[in-house]
Protein chains: 4
Amino acid sequence: MVLRTGEQYLEAISHRSKAEIFVMGKEVDDVTKNPFLKPSVMAFKATYDAAWDEDSKDLGRAWSQFLNEEVNRFTHIHRSPEDLAAKVKLLRKISHKVGACFQRCVGFDALNTLYITTSIMAEKGRKDYHQRFVEYLTHVQKEDIALAGAMTDAKGVRTLKPHEQPHPDVYVKVNQVTKDGIYVSGAKANITGVAASEEIIVLPTRAMTKEDKDYAVAFAIPLDTEGVKIVVGRQLNDARRFEGGDIDGLPYFYNHEGLVIFDNVFVPMDRVFMLGDWEFSGTLVEIFSAYHRQGYGGCKAGLADVIIGSASNLARQNGVEKASHIQDKLTEAVFLTETMYAAGIAASLNAVKVGDAWWVNPMHANVTKHLVTRFPSEITKITTDIAGGMLGTAPSEWDLKNPKLRGYIEKYMQGMMDYSAEDRLRMTRLLENTSLGVAFMIESVHGAGSPAAQRIMFSRLYDFNYAEEVAKRLAGIKSDVKFVKKPEPWRESDTEKVAKS
Amino acid sequence: MVLRTGEQYLEAISHRSKAEIFVMGKEVDDVTKNPFLKPSVMAFKATYDAAWDEDSKDLGRAWSQFLNEEVNRFTHIHRSPEDLAAKVKLLRKISHKVGACFQRCVGFDALNTLYITTSIMAEKGRKDYHQRFVEYLTHVQKEDIALAGAMTDAKGVRTLKPHEQPHPDVYVKVNQVTKDGIYVSGAKANITGVAASEEIIVLPTRAMTKEDKDYAVAFAIPLDTEGVKIVVGRQLNDARRFEGGDIDGLPYFYNHEGLVIFDNVFVPMDRVFMLGDWEFSGTLVEIFSAYHRQGYGGCKAGLADVIIGSASNLARQNGVEKASHIQDKLTEAVFLTETMYAAGIAASLNAVKVGDAWWVNPMHANVTKHLVTRFPSEITKITTDIAGGMLGTAPSEWDLKNPKLRGYIEKYMQGMMDYSAEDRLRMTRLLENTSLGVAFMIESVHGAGSPAAQRIMFSRLYDFNYAEEVAKRLAGIKSDVKFVKKPEPWRESDTEKVAKS
Amino acid sequence: MVLRTGEQYLEAISHRSKAEIFVMGKEVDDVTKNPFLKPSVMAFKATYDAAWDEDSKDLGRAWSQFLNEEVNRFTHIHRSPEDLAAKVKLLRKISHKVGACFQRCVGFDALNTLYITTSIMAEKGRKDYHQRFVEYLTHVQKEDIALAGAMTDAKGVRTLKPHEQPHPDVYVKVNQVTKDGIYVSGAKANITGVAASEEIIVLPTRAMTKEDKDYAVAFAIPLDTEGVKIVVGRQLNDARRFEGGDIDGLPYFYNHEGLVIFDNVFVPMDRVFMLGDWEFSGTLVEIFSAYHRQGYGGCKAGLADVIIGSASNLARQNGVEKASHIQDKLTEAVFLTETMYAAGIAASLNAVKVGDAWWVNPMHANVTKHLVTRFPSEITKITTDIAGGMLGTAPSEWDLKNPKLRGYIEKYMQGMMDYSAEDRLRMTRLLENTSLGVAFMIESVHGAGSPAAQRIMFSRLYDFNYAEEVAKRLAGIKSDVKFVKKPEPWRESDTEKVAKS
Amino acid sequence: MVLRTGEQYLEAISHRSKAEIFVMGKEVDDVTKNPFLKPSVMAFKATYDAAWDEDSKDLGRAWSQFLNEEVNRFTHIHRSPEDLAAKVKLLRKISHKVGACFQRCVGFDALNTLYITTSIMAEKGRKDYHQRFVEYLTHVQKEDIALAGAMTDAKGVRTLKPHEQPHPDVYVKVNQVTKDGIYVSGAKANITGVAASEEIIVLPTRAMTKEDKDYAVAFAIPLDTEGVKIVVGRQLNDARRFEGGDIDGLPYFYNHEGLVIFDNVFVPMDRVFMLGDWEFSGTLVEIFSAYHRQGYGGCKAGLADVIIGSASNLARQNGVEKASHIQDKLTEAVFLTETMYAAGIAASLNAVKVGDAWWVNPMHANVTKHLVTRFPSEITKITTDIAGGMLGTAPSEWDLKNPKLRGYIEKYMQGMMDYSAEDRLRMTRLLENTSLGVAFMIESVHGAGSPAAQRIMFSRLYDFNYAEEVAKRLAGIKSDVKFVKKPEPWRESDTEKVAKS
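Per an unreviewed UniProt entry, chain A goes by the name 4-hydroxybutyryl-CoA dehydratase and belongs to Sulfuracidifex tepidarius.

1. Examining the overall build of chain A
A tally of regular secondary structure across chain A gives 18 helices and 14 strands. Dimensions of chain A along its principal axes, counting C-alpha atoms only, are 75 × 70 × 50 Å. Here chain A holds 501 residues, and 67% of them are scored as buried. Look at the contacts in chain A between residues 6 or more apart in sequence, and 78% of them connect residues 24 or more apart.

2. Points about the relation of the copies chain A and chain D
The transform that puts chain A on chain D rotates by 180° and translates by 0.0 Å along the axis, for an RMSD of 0.0 Å. What we have between these two chains is a two-fold relation. In terms of proximity to the rotation axis, the leading residue of chain A is Asn237(A), whose C-alpha is 2.2 Å off the axis. Same-surface contact between copies: 100% of interface residues of chain A are shared with the interface of chain D.

3. Re the sheet that holds strand S2 (residues 26–27) of chain C
Where strands meet in a sheet, backbone hydrogen bonds hold them as pairs that are either parallel or antiparallel. Residue and element names in this part refer to chain C. Strand order in the open sheet made by the six strands is S2-S1-S10-S11-S7-S6, with mixed pairing throughout. Here the strands that pair on one side only, and so sit at the sheet edges, are S2 and strand S6 (173–177). In terms of strand pairing, strand S7 (residues 181–192) meets strand S11 (residues 257–268) through nine bridges, oriented antiparallel. Along S11, the bridge assignment pairs Gly181 with Pro268.

4. Some remarks on the UniProt feature "domain: HpaB/PvcC/4-BUDH C-terminal" (unreviewed entry) in chain A
The UniProt entry lists residues 282–476 of chain A under the feature "domain: HpaB/PvcC/4-BUDH C-terminal" (unreviewed entry), expressed in the numbering used here. Here residues 282–476 of chain A is 76% helix and 3% strand, with 40 Å between the C-alpha atoms at its ends.

5. Examining the sheet that holds strand S12 (residues 272–275) of chain C
Residue and element names in this part refer to chain C. In spatial order, the strands read S5-S8-S9-S12; together these four strands make up an open sheet with mixed pairing. Where the open sheet ends on each side, the last strands, each with one partner, are strand S5 (147–150) and S12. The mean angle between the axes of side-by-side strands here comes to 20°, regardless of whether they run parallel or antiparallel. With four bridges connecting them, S5 and strand S8 (residues 199–202) associate as parallel partners. Residue pairing across strands places Ala148 opposite Ile200, the latter belonging to S8. Across the sheet, helix H5 (residues 105–123) lies against S5, S8, strand S9 (217–222) and S12, angled at about 65° from S5, the strand it touches most. Contacting S5, S9 and S12, helix H6 (residues 128–143) crosses the sheet at an angle of about 150° to S12.

6. Focus: helix H8 (residues 324–349) of chain C
With 26 residues, H8(C) extends 36 Å from end C-alpha to end C-alpha; this agrees with the ideal 38 Å at 1.5 Å per step. When you tally the buried positions in H8(C), you get 21 out of 26 residues, the bulk of the element.

7. Points about the interface of chain A and chain D
If you look at the interface, chain A gives 65 residues, while chain D gives 65 residues. Those elements giving two or more residues to the side of chain A that touches chain D turn out to be strand S7 (181–192), strand S11 (257–268), helix H10 (375–387), helix H11 (397–401), helix H12 (403–412), helix H14 (438–441), helix H15 (443–446) and helix H16 (451–461) of chain A. For the side of chain A that touches chain D, the residue count by class is 30 nonpolar, 23 polar and 12 charged.

8. A closer look at unusual backbone geometry
At Asn237(A), a residue that is not glycine, the phi angle is positive and equals roughly 65°. Inspection of the secondary structure puts Asn237(A) in the loop between strand S10 (228–232) and S11. The exposure class of Asn237(A) is buried, given the 24 C-beta atoms found within 10 Å. A positive phi angle, near 70°, is found at Gln103(B), a position not held by glycine. Structurally, Gln103(B) is set in the loop between helix H4 (81–98) and helix H5 (105–123).

9. Notes on the pairing of S10(A)
All names here are of chain A. The buried fraction of S10 amounts to five of the five residues, a majority that puts the element mostly inside the structure. Where burial is concerned, the two faces of S10 agree: the one with Val228, Ile230 and Val232 and the one with Lys229 and Val231 are both buried. Two strands pair when backbone bridges link them, and S10 and S11 are joined in this way by five bridges, in the antiparallel orientation. Paired with Ile230 across the strands is Val260, a residue of S11.

10. Let's talk about the environment of Met417(A)
Residues and elements named next belong to chain A. Inspection of the secondary structure assignment puts Met417 in the loop between H12 and helix H13 (421–435). With 11 C-beta atoms packed within 10 Å, Met417 lands in the exposed category. Sequence separation of Met417 and Asn318 is 99 residues, and the distance between their C-alpha atoms is 9.7 Å.

11. Points about the environment of Trp358(C)
Residue and element names in this part refer to chain C. Tracing the sequence through the fold places Trp358 in strand S14 (residues 357–359). Classification of Trp358 as buried rests on a count of 20 C-beta atoms within 10 Å. Trp358 sits 74 residues away from Glu432 along the chain, and the two C-alpha atoms are 38 Å apart. Not counting the four nearest positions on each side in its chain, Trp358 is found in contact with His78, Arg79, Ser80, Pro81, Asp83, Leu84, Ala351 and Lys353.

12. Thoughts on the packing of H5(B) against helix H7 (residues 281–318) of chain B
Residue and element names in this part refer to chain B. H7 packs onto H5 with a crossing angle of 145° between their chain directions and a minimal axis gap of 9 Å. Where H5 crosses over H7, the two elements pack in a sense that is right-handed. The residues of H7 that touch H5, namely those facing Cys105, Val106, Asp109, Ala110, Asn112, Thr113, Ile116, Thr117 and Ile120, are Thr283, Leu284, Ile287, Phe288, Tyr291, His292 and Gly295. Of the residues belonging to the contact of H5 with H7, the class tally is nine nonpolar, six polar and one charged.

13. Details of H5(C)
All names here are of chain C. With 19 residues, H5 should cover 27 Å at 1.5 Å per step; its first-to-last C-alpha distance of 27 Å lies within 8% of that length. Burial analysis of H5 places 16 of its 19 residues in the buried class, the great majority of the element. The positive-phi residue at the C-terminal boundary of H5 is Gly125, with phi of around 100°.

14. Quick look at the confidence of the model for chain A
Residues and elements named next belong to chain A. This prediction gives chain A a mean pLDDT of 94; 95% of its residues lie at or above 70. Residue range residues 483–501 is modelled with pLDDT below 50. Its contacts to residues more than four positions away, or to other chains, number 30 contacts. Interface predicted TM-score (ipTM) for the complex: 0.95; the corresponding pTM is 0.96.

15. Details of the pairing of S8(C)
Residues and elements named next belong to chain C. Alternating positions in S8 separate into two faces, Glu199 and Ile201 on one and Ile200 and Val202 on the other, with burial throughout. As judged from the four bridges shared by S8 and S9, these two strands associate in the antiparallel manner. Residue pairing across strands places Ile200 opposite Ile221, the latter belonging to S9.

16. A closer look at the environment of His163(C)
Residue and element names in this part refer to chain C. In this fold, His163 is placed in the loop between S5 and S6. Residue classification places His163 among the partly exposed positions, given that 16 C-beta atoms sit within 10 Å. Distance in space between the C-alpha atoms of His163 and Tyr115 is 28 Å, their sequence separation being 48 residues.

Parameters and conventions
Residues numbered from 1 in each chain as written. Chains lettered and ligands numbered in written order. Predicted model: local features only at pLDDT ≥ 70, side-chain atom pairs only at ≥ 80, totals over all residues. Helix = DSSP H or I, 4+ residues; strand = E, 2+ residues; numbered from the N terminus. Buried ≥ 20, exposed ≤ 12 C-beta atoms within 10 Å, placed from the backbone. Contact = placed C-beta atoms within 7 Å. Least-squares fit on C-alpha atoms with pLDDT ≥ 70 in both. Pairing = 2+ DSSP bridges. UniProt positions renumbered as here; feature names shortened; annotations may be inferred. Axes fitted to C-alpha atoms, helices over the stretch in contact; angles between N-to-C directions. Expected span 1.5 Å × (residues − 1). Nonpolar A, V, L, I, M, F, W, Y, C, P; charged D, E, K, R; others polar. Left-handed = near helix turned anticlockwise from the far one by under 90°. pLDDT = per-residue confidence, 0-100.

In structure tokens form, the structure reads like this:
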């Protein structure tokens, strides 16, 4: 059986010795022991556990068409709309287990993206990549590898193209090509879960022009490849993890992002999946983005469930859970949550077939992510309201643990008698760390593309001409444009056209 | 072939002579000629044309499991999630043809509701209804009958139950039961398309108690049954239709609602589908509501397309279609529209099987409708902004047609040279009548249940206990409640439980 | 005493015989008798009554510094912040009397704008205009003249300047200048209350360049000047006014806008207040806009009060006024209303002195109007929700008046017993005609400048550089820009600078 | 001169030795040196500096009617609407200096509240309190004392009154009254700035009944009174302050809240301002709330300026400051900010005189705070969008300071060439700590009363009956209620009535 358990993942990641990882300026020995990173590792581990836990294993596994056996779903190439829906459902489910981002989706979506993109490239005569990639994929499935996906470049001056930048490698760049492989330099930013993974798949971050062809590169390498350096980013409340407590800092599960630096790193040729093929970088980005935007309908809805549950419980501890305005606010949060989820489900079940794989519906996927750029902060506004001012003023766990203060805090921080002050502090901290944390408040906005990126897609995917013709006909305006049959103009994206051509 | 053409429908409706229909206090002879009602008839007709038009006939027809031949989809019992999705897609498509409500969904949803509800009743030992209903259904499919569905009662004092009302028949009530049939009195309000239909299916409007059992009644009768009176309701801009013009009043397509009065009306027993079975009225309402809420994701998205097309065209006529703020506003309208549609698609493809029929996903269906209670007015705000003040101040078509004024208006009302002032007036009127009309601004809020009705469903369908347990576990709060596997607690509705039990 | 009564105004307007006014293609004899216009005349009349009614005369009158006696406030030049606040309070009060726009503010604001602008021009050496204008103002105050203000031009192609237009007079243009006066052609659109007024003040609509100097013109003329033609615009539900009823069409009070055409109209030189002074047209527009935007905090809040009152009463008639969700919705509408009003009050009391007159605070005035572009449609959404579906489906008054139907309607349209069905219909129609009418839904967006116009002002009035310096200092970024004292950078507008220079 | 400098305040607070203050479980020696509290002390100090800084001293000082000399405005009793406006302007100004809450407003508002409340009590025959209070006030003004105000009790079970609670002192309670003074126990929660102040004014937190009279108590005591214990609350990112850096944790200015415990504390009688007068506790709370809600229009607008400045500068560093969507987003943030400010200004200048002092306009003050419960999170959503994902992923200052990494970070974190990577990190941290910090995201919601508290005031302050009568008259509904003159019904609060009676 190729399926790893969570423990096997932990064991492997703990022994991945050579990777250069920095947290707050210091190099990290073992990510499974580092107080900053351990919660991230534990959240990543949940993607392995999900394939074994009774309540999720039907979603957590999939049948590989390549190995002809069960693999972890996070390494699977989607073969049906139901596969896509299973992804969304699984993500919601795992969010309930960890209350954080579990960081394995970028790699998952990168696999599916490269599968389709290299197929399209093969149809256009660039044949090697697809076969190489399928071999790599087989390796990933067999070993059940923990993958990070790295797309966003450092970018430097936003208004300049890669080759125009003052620092030429603020986009990852091929320095040299040899028979055996390539040498690359540059940096990828905001890379989710990278310190908790074993390999990185690198993808280009934007459509390129011919002048940028040295930047049109996709590849995979182990994290501990020479020349790779990882600088883990700061997050709201991160420093609390060093305090050694078990309440205030949510030490069990969290996520991280990192800056990944490539200092003339060698990549063997059998791990190179795009090299100078600038014409395909736009297609690759569009395919990836839609996959990744769909997933947010699952994971962020699941995180919202945790936040709703926290607020609901705090209302109960405060004795106000039956107040009509509290119930109405919770209901609003449910509506917002289920809207995000519904859009993710639509993006899955109303999918598009590309070759022998299934891509999400691009309009619905963009709708999903755009909802996710807006609704989490609405939910946070609601739950902040329900929680009360204590969310920003509650004593620390160290006050509770100080014998001089404990009695006072037990009395004055208690709400309803069937919960203790400690229960109230614990739930308050959970809500603080989830509802105001990076995963809900910032990643929801910027992950898988900032709001403006979805808006560009809306204007491209929607058929304004068709809508105007519909209107002209109803207004009685004569026009020589025929009322042509266009069954679903709003679904026809450029990528689909490429895919079909 | 049992499929009617639009012309056949027109012919039939024009000869349905005896129905007592009042418009603005006057009795109507022929609804196909009455200026107020003709646009409604023409919009209803589009549901027949849809089964024949090249660009919609694949959606407009379905294979009847009862007749074993093709029927109009509006008479079909859903046999798959794809059937449900086809409904949503068809509704969006027909909206593009008529820019209004085409009024045949209530009857459509009533058929499916009675099919499931009578099945459930049969399982519980009330066996006659289902067979009776299937016979009626077969008749409807064979004749391709234009059906109205009547659910909302006059209601009187909202805080009182039916049997407590000062006027005992403000809810439709069974006066007498004989061997051959029943006698009913009362009134149903806000009945969509009733004057353009041939028969009415009457359903109870709320869960009932035993004391209300005389109100737990469902049946079907022809519109021209003795004792039935229809009072057509007023609408924004309705009076313009009597002016005889062809621009300002949108004379081609619209919709109407009516008050349907039953003054001791006889219903033969083979048309009675519920009689005193008060325990099932709640289930019936829940099944119907979810079906009807799902549909709004299609028809209102389609109407929004017409409105977006109108605004986009007016921006073009004004020469500002490339201004970034105009493009951003149109994009926002697209996002809102596609969100409503995506939810409707999710409600369809993530459906629930009940017996041999498919019901929609109740959570997604409620999400769909709740979005529809909010987003249309957002879209109207946007398109009002884009259209400019002229939307509320443009000259009438009679000014344009006055030779003394025509020259001035042609000059001063023109925008870009490739459109005439008449084009601009026509498009302005279309936008006024659609974006501010009853179908978009009022029916979107109240049709298929007011916002509060969906909110009640959200709090019933969402599993708050589960969410709290998830949160308690993550907060480290000890609790004796197990973290039980509940694969999708948010999908399990009371109706599903009833349906499965 | 120079103060006119409402009756005196009616008498005067009824005898203003020569004006060429068209309504729906037909020329109007007497605006006080025309069914379309009479409600507008009655609403305009309320501005005269306000100076006499016990509950408003303290606000409705002001002491003229020119006549040294009491004048109607609508002809007054503001001499203090309290004067500006009295304007806002008066507008809210009159809205309660008429439930519509009373159409005299544009003229009011035009007077104040010309007073300040001609002062500024005098300081810059263009001395004649101010004295001419003060003479005209004295005439207006003495006769208590009903003024319309005309600013918005027809505009043609929005992206072209006046002199670049295909039709050269889509902006009002000076054709010829003689010793005695000037000849002008063109059209002003969306002119509020014009058919109910006696004279029109014409102002330029935008900043001009030298090439546009023939368009930089301001003047006043009687409505019945030869060559002036008025085409009254259509509005939602306008046609109901011709039915002769007293419920459905709100026949008592409304407002109108008109297209005003100038066909080589002669203006005597003593009524010309700007002629070719293109450098001052931008200043004039900015001064006017801010005055007009401030006023919306009064009139639209007052209209919102009417709408809230209607919805509150309908809730009572339905028996649900105590439901917590109804109360919460009404409270939300109150909050939105009072926010608009508070901003209008701030714009008044935090005013700016320019010469011997007081201008509003431009930032607060723009805030006021921008709120008004958003909140009315929110209020309409809320009150539509509260009113129930009947808002779009209630029977007509003609049904109620038909003896065959009256009994049914009295029974089925009644809610609580202490109100009749007629009461319910009346209140429903009031809410329909106000909440969905032009004044609330369209004029709120476009009157006094579309939303984009306020946003341009926000970015000009706000000191982003100062805000960045504040941030840089707090972030510890070294920068050579000093942290200069700028007591209230956000209040310093270009116009203020012009005014002070 | 009684005005202290900032340095004098620091000196005093540093020697206030005996206060028992706990931070994260440890007792604090000197708050001016404690890393957690020092930023709060520095922010509090800014209220002293404001009376001396050139750009604020005109706002920062006021003329005392009691001492007949200049005092710090934070100890002043308002004598005019302009005084109230000066408060709002001063708060906005100081926010620009510290980018945080400066914590002296609660004490300021408590002084004004007690001044008015004790006057009202004196009119009702409870004469001692007012004179006592004026003596205390004189002392505060003369010594320019740093005051905290303590209102919110621990509250326990929210649905129970004080005397019904399981723990009887979860509301502060008088244990014993002697000739010389009183003994109190209990806890006040969420007390702003308490550890940085010298004395605490304690006020009751809600309207009381006779049974609660032991809880109707107001008094002032020095912080270092025996039996007083302060437990400082946690905040987002608090632990970073212990790292010793100068970038990530914003070490210069912040604010804090604390739990203040009273363990049988003695209060001398000349510091007791209410004792058992339960009938006046509701009035006191209403007066205080409105004062405190008004102030938020200044301080939160000022904090928003800092956040807008940060986002504007980050856009510049990224090279996208001219992109139309960025400009539009910044403009939206300006609009939201200026709306909060405008409401605060209206609440000040449209004030209400009570005795010889001025109270704010209660409706506008509640509008101000309610806006503040909503708009800050909107602004955060906008600035999070503008800042980019780096807001949640940027490297720490320790990475920048590590020589192994510095070169990489300087290259890859740099945007436009005229700013360094360090500049970008600094500005990112400022935005993170302000826009997502407690003061903007949580205190904005709960400070001065949660959203529900304002909504209760809206429904009390707004005259629904008047609005319904207005509507009935316009609808033509006969009713025996006269259309009574009520000049501004929406301004008449219960407190005003009490105040006037």
